[in-house]
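Chain by chain, the residues run as shown.
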Amino acid sequence: MAAINIRYVAEPTARKFHRSKAFVRGIMGPIGSGKSVACIMEIFRLCRTAKPGNDGVRRSRWAIIRNTYPELKSTTIKTWEQWIPAEVGKIRWDSPITCFLRFEDVEAEVIFLALDQPKDVRKLLSLELTGAFINEAREISYEVVRAVISRLGRYPSKAMGGFDWSGLIMDTNPPGDDHWWYRCAEVERNQGWEFWRQPGALVELPDGSYAPNPAAENVKNHTLGYEYWVRQVPGAAKAWVKTMLCGQYGTVMDGKPIFTDYRDDLHCADKVLEWNPQLPIYLGFDYGRTPACAILQVTPKGQVRWLDEVLVDADGEGNGMGIRTFMREVVMPHMRNHYPGATIVAYGDPAGASMQQGDEVSCMDIQLEEGMVVMPAPGSNDPLLRVDAVAKHMKLLIDGEPGFLISPKCVVGRKALNGGYRVKRLQTSGEARYADRPEKNRFSHIAEALEYGCLGINEHTGMVDIKSAKPLKKRNSRGWT
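Residues numbered from 1 in each chain as written. Predicted model: local features only at pLDDT ≥ 70, side-chain atom pairs only at ≥ 80, totals over all residues. Heavy atoms only, no water.

Engineer: So what's going on with the pattern of salt bridges? Which residues, and what values?
Structural biologist: Across all of its chains, the model carries 30 salt bridges by this definition. Here Arg58 and Asp105 are joined by a salt bridge, their closest N and O atoms 2.9 Å apart. Of this pair, Arg58 sits in strand 2 (residues 58-66) while Asp105 sits in the loop between strand 4 (97-103) and strand 5 (106-114), placing them 47 residues apart in sequence. The exposure class of Asp105 is partly exposed, given its relative accessible area of 29%. Note that Glu448 and Arg386 form a salt bridge whose closest N and O atoms lie 3.5 Å from each other. Of this pair, Glu448 sits in helix 13 (residues 444-460) while Arg386 sits in helix 11 (residues 383-394), and the two are 62 residues apart along the sequence. By sharing partners, the salt bridges in this structure join Glu186, Arg189, Arg197, Asp264 and Arg414 into a single network. (Salt bridge = Lys/Arg side-chain N within 4 Å of Asp/Glu carboxyl O. Helix = DSSP H or I, 4+ residues; strand = E, 2+ residues; numbered from the N terminus. Buried < 20%, exposed > 50% of the residue type's maximum accessible area, 1.4 Å probe, protein only.)

Engineer: Can you break down the packing of helix 12 (residues 411-420) against helix 13 residue by residue, with the values?
Structural biologist: Closest axis-to-axis distance for the helix 12/helix 13 pair is 9 Å, and the angle between their directions is 85 degrees. Classified by the angle between their axes, helix 12 and helix 13 sit roughly perpendicular to one another. Mapping the contact onto sequence places Val412, Gly413, Ala416 and Leu417 in helix 12 and Ile446, Ala447 and Leu450 in helix 13. When its residues are assigned to classes, the contact of helix 12 with helix 13 shows six nonpolar, one polar and no charged. (Axes fitted to C-alpha atoms, helices over the stretch in contact; angles between N-to-C directions. Parallel < 35°, antiparallel > 145°, perpendicular 65-115°, else oblique. Contact = heavy atoms within 4.5 Å. Nonpolar A, V, L, I, M, F, W, Y, C, P; charged D, E, K, R; others polar.)

Engineer: Tell me about unusual backbone geometry, and please be specific about residues and values.
Structural biologist: Note that the residue after Ser95, namely Pro96, is joined by a cis bond; omega there is -5 degrees. Along the chain, the position of Pro96 falls in the loop between strand 3 (89-92) and strand 4. With an omega of -5 degrees, the peptide bond between Tyr155 and Pro156 qualifies as cis. Here Arg189, not a glycine, exhibits a phi torsion of approximately 50 degrees, which is positive. One can find Arg189 in the loop between helix 5 (180-188) and strand 8 (193-197). Residue Arg189 is classed as partly exposed on the basis of its relative accessible area of 34%.

Engineer: Go over the sheet that holds strand 14 (residues 304-310), please, and point to the residues and values.
Structural biologist: The strand order 16-15-12-13-14-19 describes an open sheet built from six strands, whose pairing is mixed. Sheet topology places strand 16 (374-376) and strand 19 (404-406) at the edges, where each strand pairs with a single neighbour. Between one strand axis and the next, the sheet turns by 30 degrees as a mean value, whatever way the strands run. Where strand 15 (residues 344-348) and strand 16 come together, three bridges link them in parallel fashion. In the sheet register, Tyr347 faces strand 16, and the bridge partner there is Met375. Most of the contacts of helix 13 go to strand 13 (residues 292-298), to which it runs at about 35 degrees, and overall it touches strand 12 (281-286), strand 13, strand 14, strand 15 and strand 19. (Pairing = 2+ DSSP bridges.)

Engineer: Before we move on, could you go through the nonpolar core and cite the residues and values that matter?
Structural biologist: A general trend in soluble globular proteins is that nonpolar side chains are found buried together. The biggest cluster of nonpolar side chains holds 36 residues, and the ones touching the most others in it are Phe259, Trp306, Phe404, Ile406, Leu417, Ile446 and Leu450. At the level of secondary structure, the elements contributing two or more residues to this core comprise strand 13, strand 14, strand 15, helix 11, strand 19, helix 12 and helix 13. Sort the elements by how many residues they give to this core and helix 13 lands first, with eight residues. Apart from residues no more than four positions distant in its own chain, Leu417 is found in contact with Phe259, Tyr262, Trp306, Met394, Phe404, Ile406 and Leu450. With 31 residues, the next largest nonpolar core counts Ile27, Ile40, Ile91 and Ile97 among its residues. (Core = buried A, V, L, I, M, F, W, Y, C linked by side-chain atoms within 4.5 Å.)

Shown next, in the form of structure tokens:
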């Protein structure tokens, strides 16, 4: 069989991707970052290193999947043809489109399929596969992913000599934080599933402009270099730039994010943050009928770490729970189980010190009765001042690390920082105008709990003089700008 020599140099993220032996592997990044090429070359590598059969031939069968047939032909197969020479991988264009690889001691079959709807799963039912590649996975339903997985590990058979690896590889541009990719990669983190995230090509600057990211990958392989991404910014929607060029998860919203300094790839930890029993735990409380608690800690170097969130349910809704029930049945058991013996310093919405109508008892009085001393968060309850209490840490770098870090354990809080906590756009003609206060929604409760906690941290640790603190942004006659 023909020998083949393909010159491929993997970028740093792709090298980690190639080294993994996980059953399911995913790589996410901005457009033009080389992730699709990395997946195609991984198929080629796995074909070349597959376990030899009883006759010494390395056999495997793959499916390459895209959401639609036009995309499959114009994008996925075009990339395949750029890297796999026709003399060793001839494509047959009947149905299904199939490439037969014949080189060295390798015999592999690669089947190209369009599977954009769960009903298309029937196309998979007769396939016996070694592996599969889902290209641009954010366009594929999770039902299809599960169906693909069910067809893996079925070729070559044990009688033929078997195989030493079988699995699924995927690539995608960043989806929204309500997508199954986000859930699997950032929340559930299933055993045997591994995900990698490439750096963004651009980074957003404090003034709202964009600059090349020195950590970006695949720059040298573009004739235009960074200009390939930079020239796509003018005229593009901010949400599109955030996902496609900066490589950030998107958030479905109608409004303006409040924490504009938050960058998910910088401020969210790669793994669950552990608490240090030698340091105090800071709690921030938001009250009302949807109470929430943010659990924080400050490292000796001054990094604020959002360790955990306490909510009534995963959607961040309080379901009409009062503060006494919240403390007795949710907060106190959580602290005993997860932070035993911790020194607790707690702050809450200053309104929580006011007497409740009818019973002359405040929320903080009730918390004291339930065994926790909670102080009113210092300073004004102005929302801009509260935002600044958090944002000042997001803007800092401490020995090369961000001054604020959130644990992926804080699922609702992370979505709040990504844009779920927002100011609502007003229904006016002409220039966009926004409300002067954050919208009350399922993200605002935990976000405000974070703000109260940071207000307390800043005063308690001497990080900032609350009396002289300046709002992050100024309000004018048109609201929050």
